Amino acid sequence: MTTFHLRVDLNGQQPPVWRELLVPAHTSLSELHLVIQAAMGWENTDPYAFAEATEHHSIGTLLATAGDAARYRYGDRWEHRLTLVQATDDGVSRPILLDGAGHCPGEGPDAMDLWNESPAPLDLPDAAARVAAVTASLPALPVRLADLLAQAPGRGPGSVAELIALADLQANTGEIPDGEDAVALTANLRWFLALVGSDGLPLTGAGNLRPAVVIHIAERFQLQREWIGKLNREDGTPGVLNYRAAVRELGLTRSINGSVRLTKRGAALAGDPQRLLDHVIARLPLDPPGTFAGDAALVMMLELAGRYAGPGSGVERRIALEMRANRRVSRVLTGLGWRVEDGPVPSGAFRYDVRRTGALLARSGVLVDGAQGPRWEATQVGRQFLRAVLRRG
């Protein structure tokens, strides 16, 4: 089987942006488009064209011998030069990213501004994983994920299939965090259940936690890092409001006779980290399947399970990564048929709808804790936790 060693250069960029790939010579141009998108870091949101060819052709119709070149255009202005470095008989069956440098500008005005201020270096392992995801064989999927894939069966950047492949659901198969990990992942939840205790927590006439309790919880969660205000009113402190709602949705507490009380399940699990963690895994996501919030939470967890933040820790870098993740999740939701005011789901618009699941993940050690609060990046044990949730049912 003939293998093409290709070099892809994005024209007109300084410092240079380029990639080298191995691809089977029979690869169709429609598939090569997805490979280039994944390798270069594009998001597959704009039209594309190969000069003097259609997507039904294979790469062999464009290039034949070493030194041959072709043009690939993405969007209105991004011209790429494809060069055949050499053709071999290596027999590569799937595209492989070998090397590269630089990262493509972000798509959209805000992302472009951030790229101009702080161009991102190439994250080779992440790019290689995204290239592999274009043609990866997917594992047997639970019903919820199989339904999502059936609704939007495409491949490449911004697809359900890409998120499933990157989540690597076959890793740690059958394993659920235990021991010290279970203790750490449930620390805040057990603390909150102990705070409710056998006496309960009295509510105000409006049904909110009393100010002193809100302050106490906000201090425990260090909410002053991520929210401005006195942090003494529950209805004005989303970090407390959404977390209490999440615990209620888990079936661990309920409001009755003017106070928050433990349910029988909550009282039984409060002192057992492993059983409590198993219960949380079984109940996530907190919103029912087939709803916007349920699909959004599932897609969000897929994105986080495969989240690789890459090199660098600057503020601009983190913002750019979160913006890209917001766009990716929103695009997948749009591909699943969801609309906002008859238009595509705006970037990040899902975050409010998944606020309860998000609050639980943020306060459970699933997300990396940063100087300004939890970041859109899962910890190592957080990925194991998310995979356990996603493999369920």
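Keep in mind that this is a model prediction, so the values were computed, not measured.

Q: Quick one: what's the story with helix H1 (residues 29-40), residue by residue and with numbers?
A: Relative to the 16 Å expected for twelve residues at 1.5 Å per residue, H1 spans 16 Å between its end C-alpha atoms, a close match to the ideal helical length. Within H1, ten of the twelve residues are buried, which leaves the element mostly enclosed by the surrounding structure. All buried positions along H1 are accounted for by Leu-29, Leu-32, His-33, Leu-34, Val-35, Ile-36, Gln-37, Ala-38, Ala-39 and Met-40. Just beyond H1, the residue with positive phi is Gly-41, at close to 95°.

Q: Let's hear about the environment of Asp-199: which residues, and what values?
A: You can see Asp-199 is positioned in the loop between helix H7 (187-196) and strand E7 (201-202). The spatial distance from the C-alpha of Asp-199 to the C-alpha of Arg-261 is 7.5 Å, given a sequence separation of 62 residues.

Q: Which residues make up the environment of Ile-96, and what values go with them?
A: Checked against the element boundaries, Ile-96 lands in strand E6 (residues 96-101). For Ile-96, a relative accessible area of 38% gives the class partly exposed. Put simply, Ile-96 and His-5 are 91 residues apart on the chain and 9.6 Å apart in space, counted from C-alpha to C-alpha. Beyond its immediate sequence surroundings of up to four residues, Ile-96 is in contact with Glu-20, Leu-21, Leu-22 and Val-131.

Q: Could you give an account of the packing of aromatic side chains, naming the residues involved and the relevant values?
A: Each aromatic ring pair is described using two quantities: the centre-to-centre distance and the angle formed by the ring planes. Enumeration according to the criterion identifies ten aromatic pairs in this entry. Their ring planes at 40° and their centres at 5.3 Å tell us that Trp-42 and Trp-78 sit as a pair that is tilted. Of the two residues, Trp-42 sits in the loop between H1 and strand E3 (48-50) while Trp-78 sits in strand E5 (residues 78-88), which places them 36 residues apart along the sequence. For the pair Trp-42 and Trp-78, one class covers both residues: buried.

Q: Can you break down the sheet that holds E7 residue by residue, with the values?
A: On the basis of which strands lie adjacent, the open sheet formed by three strands has the order E7-E9-E8 and antiparallel pairing. Each edge of the sheet is formed by a strand with only one pairing partner; in this case those strands are E7 and strand E8 (253-256). Pairing of E8 with strand E9 (residues 259-262), which is carried by four bridges, proceeds in the antiparallel orientation. Paired with Arg-254 across the bridge in E9 is Arg-261.

Q: I'd like to hear about the packing of helix H5 (residues 160-167) against helix H12 (residues 292-305), residue by residue, with values.
A: For the pair H5 and H12, interaxial distance at closest approach is 7 Å and the crossing angle is 45°. Viewed along their axes, H5 and H12 adopt a mutual orientation that is oblique. Note on packing geometry: the crossing formed by H5 with H12 is left-handed. In this structure, H5 contributes Leu-163, Ile-164, Leu-166 and Ala-167 to the contact, and H12 contributes Val-299, Leu-302, Glu-303 and Ala-305. Its residues placed into classes, the contact of H5 with H12 shows seven nonpolar, no polar and one charged.

Q: I'd like to hear about empty space enclosed by the protein, residue by residue, with values.
A: The full count for this structure, using the stated rule, is two cavities of 30 Å³ or more. In this structure, the largest cavity occupies an estimated 80 Å³ of space. What lines the largest cavity is simply Leu-185, Thr-186, Leu-189, Leu-277, Val-280, Leu-360, Leu-361, Ser-364, Val-366 and Phe-385. Broken down by secondary-structure element, the contributors of at least two residues to the lining of the largest cavity are helix H11 (273-283) and helix H14 (355-362). Within the lining of the largest cavity, the residues separate by chemical class into eight nonpolar, two polar and no charged.

Definitions and cut-offs
- Residues numbered from 1 in each chain as written.
- Predicted model: local features only at pLDDT ≥ 70, side-chain atom pairs only at ≥ 80, totals over all residues.
- Heavy atoms only, no water.
- Helix = DSSP H or I, 4+ residues; strand = E, 2+ residues; numbered from the N terminus.
- Expected span 1.5 Å × (residues − 1).
- Buried < 20%, exposed > 50% of the residue type's maximum accessible area, 1.4 Å probe, protein only.
- Contact = heavy atoms within 4.5 Å.
- Phe/Tyr/Trp six-rings, centres within 6.5 Å; stacked < 30°, edge-to-face > 60°.
- Pairing = 2+ DSSP bridges.
- Axes fitted to C-alpha atoms, helices over the stretch in contact; angles between N-to-C directions.
- Parallel < 35°, antiparallel > 145°, perpendicular 65-115°, else oblique.
- Left-handed = near helix turned anticlockwise from the far one by under 90°.
- Nonpolar A, V, L, I, M, F, W, Y, C, P; charged D, E, K, R; others polar.
- 1 Å grid on protein atoms, 1.4 Å probe; cavity = no way out; pocket = protein on both sides within 12 Å on 5 of 7 lines; lining within 4 Å.
- Points joined across faces, edges and corners; volume = space filled by probe spheres on them.

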